[in-house]
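# Coordinate inspection notes
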Amino acid sequence: MVIDLRRCVGCHACQVACKAEHEVPLGVWRIWVRVMQKGTYPEMATLSLPWDCPYCERPEEARYPRMQTLFLPWLCNQCGRPICNTVCPVKAAYTREDGIVMIDPHRCIGCNYCRAACPYNVRFVNPITGMIQKCDFCVHRVDTGLLPACVETCPTGAMVFGNLKDPSSKVAQLLSKERVQVLKQMMATFPHVYYIGLDKDVADPLKGWEKHGYHIEFEKY
Amino acid sequence: MEVQVLYNVFHHESVSMLIAIYFHIVGLHAGCSIVSITATLLGKSEYKPVAKIGAIFVIILFSISPIFLMADLFQPLRFWYLFIYFNPTSPLSWGTFILCAYPIFTGMYIYFLFKNNVKWSKIFGVISLPTAIGVHGYTGFVLGFAKARVLWNTAVMPSYFLASAMISGMAFMLIVALIRYRFTYQDKSPEEREKDLNIIDLLAKWMAGFMIMNVFYVFSDLTVMYYHTEDAFETVELVRIGKFGFLYIWVDNVFGNVVPALIILFKKTRKSHLLLLIAAILASIGVFIMRYVMVFGGQYVPLS
């Protein structure tokens, strides 16, 4: 899958479509859109909510050239070397021939080790059935020739799904002509979800997290 | 540059308190059995009470430890899948088979130990020593192989876990030995009292040795993490001065390792049984806090 973040408008439609398609319970998500504001507007760090709006007094400082909102759809990266497959004690996590990483619901014992080892935090426990679940690119749709629900519903066409090995597919063409990035490359998981126009701040889970003071001197720059 | 996260999703933490308790209990009985087997293999008759104290607690503690593992599973009735589907790259699979081999060999060892059959208890001691090390060593690998969390994914983790297991096992045995001495010394002859005191002294000295080793592991782990990635910075700050700083540095390392080690290293304080008891209790609390901080501190830094 290739996600063109230049086209993403942050409408969360993929999130809602996924909930509807898979009947994902409350509190857990197979895909979500991480939203982050960044800019040089000094009071921005004190805002708790986007509509908590002190910049109405000085609107010229809170506009586009000084700040922007970044979106990042975050889903299972369908790694080429998935750590969840490596550490699963019963081989319930496996990779299909087309590269989609799956969980066998009849074999999973719910030991949570894959969740602890996943660097992307995409696995969750279904609170109703007690099964470990994650995004599987909607295999039931893909097998019948349809697109995944999130790709189908994306209004701007930011998400592109296809066969990477087929040179005529749109995914392969985008990958060959655009500059793509993956999330957490240093984890050596070789993800198969590629992002065009990924920003380093929105890709960093520690940005915006409550820190312990060590980095403050570096963050000024 | 100011940044602010407006929307994000965190899934709840994956390794629960049950696993922290399990790590502590499995460390306790692995430590007890390693001490017991070592005492038998050294073959001196005065170590025999140590071996027997250890052996009894191995039985008691081992019988409760798998309950925590089973209770942690989301599908507890499927636990037997672990035996039929073996994945050689998963430390949980190794642990399943070590956990099965360990009670068999250690049970034989304990049987021959109480039968006073020195030869066979030594033979089964040699066989069960690797399983006793493995039964706690594998938990270190379980955390070490979870590559998402920098606090766990270090090469020092298995040996660090083993060292702290030895401390907790020895502290537990020391407490029992002190209580036993306190309630039985009036009925004993001076030579027997001398033997008991020697055992207490020996246990305390070995515990102090493992404490110094543990402090060295903590020091090397934390300092190496300061020279590592951004996640590692945040994690090490978290366990040094952050939310877990008080628990990890003060309760675990200063009052759980350094203070008891000092109490034991000075000859005057080592002779006081009250101080020794306090040292052993502090060490037990410190090791439990270490498991807690490892499990929850490791998961505190967000991944998404």
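The rules behind the values
Residues numbered from 1 in each chain as written. Chains lettered and ligands numbered in written order. Predicted model: local features only at pLDDT ≥ 70, side-chain atom pairs only at ≥ 80, totals over all residues. Heavy atoms only, no water. Helix = DSSP H or I, 4+ residues; strand = E, 2+ residues; numbered from the N terminus. Rg over C-alpha atoms; globule rule 2.2 N^0.38 Å. Contact = heavy atoms within 4.5 Å. Areas by Shrake-Rupley, 256 points an atom, 1.4 Å probe, with all protein chains shown as cover. Lys, Arg positive; Asp, Glu negative; His and termini not counted. Charge placed at Lys NZ, Arg CZ, Asp CG, Glu CD. Phe/Tyr/Trp six-rings, centres within 6.5 Å; stacked < 30°, edge-to-face > 60°. Buried < 20%, exposed > 50% of the residue type's maximum accessible area, 1.4 Å probe, protein only. Lys NZ or Arg CZ within 6 Å of the ring centre and 35° of its normal. Pairing = 2+ DSSP bridges. Core = buried A, V, L, I, M, F, W, Y, C linked by side-chain atoms within 4.5 Å. Axes fitted to C-alpha atoms, helices over the stretch in contact; angles between N-to-C directions. Salt bridge = Lys/Arg side-chain N within 4 Å of Asp/Glu carboxyl O.

### Topic: the overall build of chain B
- From N to C terminus, chain B includes 11 helices and one strand.
- Put simply, chain B runs from its N terminus to its C terminus through helices and strands in the order β-α-α-α-α-α-α-α-α-α-α-α.
- Relative to the 2.2 N^0.38 estimate, which gives 19 Å for 304 residues, the radius of gyration of chain B is 21 Å and therefore close to what a compact globule would have.
- Pairs at least 24 apart in sequence give 76% of the contacts found in chain B among residues at least 6 apart.
- When the accessible area of chain B is evaluated, it comes to approximately 13300 Å², of which 73% is carbon and sulfur surface.
- Seen as two clouds, the 22 positive and the 16 negative side-chain charges of chain B have centres 13 Å apart.

### A look at the packing of aromatic side chains
- What the rule picks out here adds up to 24 aromatic pairs over all chains.
- With centroids separated by 6.4 Å and ring planes inclined at 15°, the aromatic side chains of Trp-32 of chain A and Trp-74 of chain A adopt a geometry described as stacked. With Trp-32 of chain A in strand β2 (residues 32–39) and Trp-74 of chain A in strand β3 (residues 67–74), this pair connects stretches of sequence that are 42 residues apart.
- Both rings, one in Phe-244 of chain B and one in Tyr-292 of chain B, keep their centres 6.3 Å apart while their planes meet at 55°; by these two values the pair is tilted. Taken together, the residues Phe-244 of chain B in the loop between α8 (230–240) and α9 (245–265) and Tyr-292 of chain B in helix α11 (residues 273–298) connect sequence positions 48 residues apart.
- On the basis of relative accessible area, Tyr-292 of chain B is assigned to the partly exposed category, the value being 26%.
- An aromatic cluster is built from Tyr-111, Phe-112, Trp-120 and Phe-124 of chain B, whose rings are joined through pairwise contacts.
- One residue, Arg-107 of chain A, lies across the ring of Tyr-85 of chain B, its end atom 3.6 Å from the ring centre.

### Section: the sheet that holds strand β9 (residues 180–181) of chain A
Residue and element names in this part refer to chain A.
- The strand order β8-β1-β10-β9 describes an open sheet built from four strands, whose pairing is mixed. If you trace the sheet from one side to the other, it starts and ends with β8 (159–160) and β9, each paired once.
- For β9 and strand β10 (residues 194–196), the ladder comprises two bridges, and the chain directions are antiparallel. Bridge pairing links Gln-181 to Tyr-195 in β10.

### Details of the nonpolar core
- Core analysis: the biggest nonpolar cluster contains 113 residues, and Tyr-113 of chain A together with Tyr-160, Leu-174, Leu-203, Met-207, Tyr-248 and Met-294 of chain B have the highest contact counts within it.
- When near neighbours in sequence (up to four residues on either side) are disregarded, Tyr-160 of chain B contacts Asn-214, Tyr-217, Val-218, Tyr-248, Asp-252, Met-290 and Met-294 of chain B.

### Observations concerning the sheet that holds β2 of chain A
- Judged by pairing direction, the sheet is antiparallel, and its three strands sit side by side in the order β3(A)-β2(A)-β1(B) without closing on themselves. Edge positions in the open sheet fall to β3 of chain A together with β1 (2–7) of chain B, since each of these has one partner strand only. Shown here is a sheet whose adjacent strand axes are inclined to one another by a mean of 25°, direction ignored.
- Bridging between β2 of chain A and β3 of chain A involves eight bridges; their strand directions are antiparallel.

### Describing the pattern of salt bridges
Residue and element names in this part refer to chain A.
- Across all of its chains, the model carries 17 salt bridges over all chains by this definition.
- Between Arg-141 and Glu-21 there is a salt bridge, and its shortest N-O distance comes to 3.5 Å. Placement of the pair is Arg-141 in helix α4 (residues 139–143) and Glu-21 in helix α1 (residues 13–22), with a sequence separation of 120 residues.
- Given the relative accessible area of 29%, Glu-21 is considered partly exposed.
- Residues joined by salt bridges that share partners form a network here, namely Lys-38, Asp-199, Lys-200, Asp-201 and Lys-207.

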